Amino acid sequence: MNTAPCRHKNLVLVSEPKDRIRCRHCHLTIKRDELGDRYCPECYDTTGSKRYDFEPVAEPSVVSTQYLCEDCGLSIRG
């Protein structure tokens, strides 16, 4: 068993979400390109209703870089 602390050598850049929309009924937040011109998948799965009513999600004005260590799972903001 390795008890040495992680040195965070295997980092992955986590990209900030962009162009997201939110369903006005169930509040599911999804990227616009993942939805396409379709109805809300959450509303359809839970109620069988095909709802197309979405609102844009405001992106943060200050964007920071985030990394994730693949070895230990630590999230590091820069």
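Residues numbered from 1 in each chain as written. Predicted model: local features only at pLDDT ≥ 70, side-chain atom pairs only at ≥ 80, totals over all residues. Heavy atoms only, no water.

A. Layout of the overall build of the protein. When helices and strands are counted, the protein shows two helices and six strands. Traced from its N-terminal end to its C-terminal end, the protein shows the element sequence β-β-β-α-α-β-β-β. Counting over 78 residues, the protein shows a buried share of 14%. For the protein, restricting intrachain contacts to residue pairs at least 6 apart in sequence, the fraction spanning at least 24 positions comes to 50%. (Helix = DSSP H or I, 4+ residues; strand = E, 2+ residues; numbered from the N terminus. Buried < 20%, exposed > 50% of the residue type's maximum accessible area, 1.4 Å probe, protein only. Contact = heavy atoms within 4.5 Å.)

B. Structural detail: the nonpolar core. Formed by Ile21, Cys23, Ile30, Leu35, Cys40, Cys43 and Phe54, the largest nonpolar core amounts to seven residues. Beyond its immediate sequence surroundings of up to four residues, Ile30 is in contact with Asp19, Arg20, Ile21 and Leu35. (Core = buried A, V, L, I, M, F, W, Y, C linked by side-chain atoms within 4.5 Å.)

C. How the structure looks around the sheet that holds strand E4 (residues 54-56). Read from one edge of the open sheet, three strands run E3-E2-E4, paired in antiparallel fashion. In this open sheet, the two edge strands, each paired with only one partner strand, are strand E3 (29-31) and E4. On average, each strand axis in the sheet is inclined to that of its neighbour by 35°, with strand direction left out of account. Sheet analysis places strand E2 (residues 20-23) next to E3, joined by three bridges and oriented antiparallel. When the sheet's bridge partners are listed, Arg20 is paired in E3 with Lys31. (Pairing = 2+ DSSP bridges. Axes fitted to C-alpha atoms, helices over the stretch in contact; angles between N-to-C directions.)

D. Inspection of the pattern of salt bridges at higher detail. Applying the stated criterion across every chain, the model contains four salt bridges. Measuring nitrogen to oxygen at the nearest pair gives 3.3 Å for the salt bridge that ties Arg32 to Asp19. A residue pair is termed long-range when its members are at least 10 positions apart, and Arg32 in helix H1 (residues 32-35) and Asp19 in the loop between strand E1 (11-14) and E2 qualify at 13 residues. A residue is classified by how much of its surface remains accessible, and Arg32, at 39% relative accessible area, is partly exposed. On the basis of relative accessible area, Asp19 is assigned to the partly exposed category, the value being 46%. (Salt bridge = Lys/Arg side-chain N within 4 Å of Asp/Glu carboxyl O.)

E. Main features of the sheet that holds strand E5 (residues 66-69). Across the sheet, which stays open at both edges, the three strands sit in the order E1-E5-E6 with antiparallel pairing between neighbours. Both outer strands of the open sheet, E1 and strand E6 (75-77), are each paired with one neighbouring strand and no more. Direction aside, neighbouring strands of the sheet carry axes that sit 30° apart on average. By the bridge criterion, three bridges tie E5 to E6 in an arrangement that is antiparallel. Its bridge partner lying in E6, Gln66 is registered against Arg77.

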